[in-house]
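Observations on chain architecture
Residue-level listing of the chains:
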Amino acid sequence: MVLADVHEADGYPVNWPDHPVGWLSQPSLLAAWVAEVDGRILGHIGLSRSESGDAAPGLWSRRTGLSAEMTAVVSRLFVAPAARGKGIGALLMAQAVREARERDLHPVLDVVASDIAAAALYERLGWSLLATVDQQWSPTETVTVHCYAAPARPA
């Protein structure tokens with residue numbers, strides 16, 4: 001499973017889910033895509049409605065004055081370690097942004113602050129850092145995340 005390879009190489013997801021398939025298809029999921037070549041999955045991305053633990057929708061809402069309900073959260077992005085450097089992450093991001101905009105939603109995301117490669121990708125794609133915040137993931141675990149918003153829709 002590609003997700004297991006990513007977790008072993010990068011520690012993503014930070015906490016390995018008891019049910020990886022359920023983690024990939026969370027209840028708030030609007031759509032998801034995989035990148036594949038010759039039947040091999042090389043990457044994945046999801047687009048979801050905001051959930052209570054997501055910081056970026058509220059930050060974007062306060063910045064724009066629009067409802068957080070007007071956002072879609074890009075999530076569960078990963079690319080197989082052996083497939084990196086080929087633009088797969090950017091292609092998956094473009095698909096998620098396209099879908100969000102077709103739904104008249106603004107794409108946002110939270111990323112663990114230690115995931116420097118992901119943050120670099122988002123910044124290369126023109127995403128804006130909204131803030132860096134601490135999230136309480138459990139009674140004993142606080143994680144620092146960067147919150148990003150996609151660039152404005154081209155005119």
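Here, every reference points to the structure presented above.
Below, the structure is looked at part by part. (Residues numbered from 1 in each chain as written. Predicted model: local features only at pLDDT ≥ 70, side-chain atom pairs only at ≥ 80, totals over all residues. Heavy atoms only, no water.)

1. Observations concerning the side chain of Ser61
Going by this rule: A run of H or I in DSSP counts as a helix once it spans at least four residues, and a run of E counts as a strand once it spans at least two, with each numbered from the N terminus. A simple rule labels every residue: compare its accessible area, found with a 1.4 Å probe on the protein chains alone, to the largest value its type can have, and call it buried under 20%, exposed over 50%, or partly exposed in between. Contacts: residue pairs with any heavy atoms within 4.5 Å of one another.
Within the secondary structure, Ser61 is located in helix 3 (residues 56–64). Taking the relative accessible area as the measure of exposure, Ser61 reaches 17% and is therefore buried. Setting aside chain neighbours within four positions, we find Ser61 in contact with Leu66, Ser67 and Ala68.

2. Focus: the pattern of salt bridges
Spelled out, the test is: Criterion for a salt bridge: a side-chain nitrogen of Lys or Arg within 4 Å of a carboxyl oxygen of Asp or Glu.
This model, assessed by the stated rule, comprises two salt bridges. Asp10 is the partner of Arg84 in a salt bridge, and the nearest nitrogen-oxygen pair spans 2.4 Å. On the criterion of sequence distance, the pair formed by Arg84 in the loop between strand 3 (71–79) and helix 4 (88–102) and Asp10 in helix 1 (residues 2–10) is long-range, its members being 74 residues apart. Across the salt bridge formed by Arg103 and Glu99, the nearest N and O atoms sit 2.8 Å from each other. Here Arg103 falls in the partly exposed class, since its relative accessible area comes to 37%. By relative accessible area, Glu99 is classed as buried at 17%.

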